[in-house]
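Observations on the three-dimensional arrangement
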Amino acid sequence: MTPAERKLLEKLDNLVLTASGDELRKIQEIDIQTQMNGLSFYDAFVNSTSLENQSIKQESQESKQ
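Now for a look at the structure at hand. (Residues numbered from 1 in each chain as written. Predicted model: local features only at pLDDT ≥ 70, side-chain atom pairs only at ≥ 80, totals over all residues. Heavy atoms only, no water.)

1. So, the overall build of the protein
Basically, it comes down to this: Numbering of helices and strands runs from the N terminus; a helix is a DSSP stretch of H or I covering at least four residues, while a strand is a stretch of E covering at least two. Categorising residues by exposure relies on relative accessible area from a 1.4 Å probe, with only protein chains included: less than 20% of the type maximum marks a residue as buried, more than 50% marks it as exposed, and the intermediate range marks it as partly exposed. Areas reported as accessible are Shrake-Rupley estimates using a 1.4 Å probe. Residue values count occlusion only from the protein chains shown.
The number of helices and strands found in the protein is 4 helices and 0 strands. When the helices and strands of the protein are listed from N to C terminus, the series reads α-α-α-α. Out of the 65 residues in the protein, the part that is buried amounts to 23%. When the accessible area of the protein is evaluated, it comes to approximately 4,800 Å², of which 49% is carbon and sulfur surface.

Below is the structure:
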């Protein structure tokens, strides 16, 4: 795992820990779908448009370049 990926995971952890009830429900929906599809929750979250994660999404794209 690269340092950039670790940083994104830390941000995801912080987002979950500070999320409101509504945000947690959205995160749970994504988690359920990823489990059913056999996908990584992290990848699904970074690519999700259903949550306010634009800064994480942008950093993820930058780290892949």
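The discussion continues.
2. A few points about the nonpolar core
Inside soluble globular proteins, nonpolar side chains tend to come together where they are buried. Rule in force here: Side-chain atoms within 4.5 Å link the members of a nonpolar core, which is a set of buried Ala, Val, Leu, Ile, Met, Phe, Trp, Tyr and Cys residues.
If you look at the biggest cluster of nonpolar residues, it comprises 6 residues: Leu 8, Leu 12, Ile 30, Tyr 42, Phe 45 and Val 46. Elements with a contribution of two residues or more to this core: α1 (3-17) and α3 (41-46). Broken down by element, this core gets its largest block of residues, 3 residues, from α3.

3. Notes on helix α2 (residues 21-37)
The cut-off we apply is this: What a helix should span is 1.5 Å times the count of its residues minus one. Note that the arc is computed from the directions linking the helix axis to the C-beta atoms. Working rule for contacts: check all heavy atoms of both residues, and any pair within 4.5 Å makes them a contact.
Spanning 17 residues, α2 covers 24 Å between terminal C-alpha atoms, matching the ideal 24 Å at 1.5 Å per step. Every buried residue of α2 is accounted for by Ile 27, Ile 30 and Thr 34. Take α2 and look down its axis: the buried residues cluster within an arc of 60°, on one side only. What points out from α2, more than 90 degrees from its buried face, is the exposed set Glu 29, Gln 35 and Met 36. On its buried side, α2 packs onto α1 and α3. Phi turns positive one or two residues past the end of α2, at Gly 38, with a value near 70°.

Note that every value here comes from positions in space, so none of it alone points to a role or purpose.
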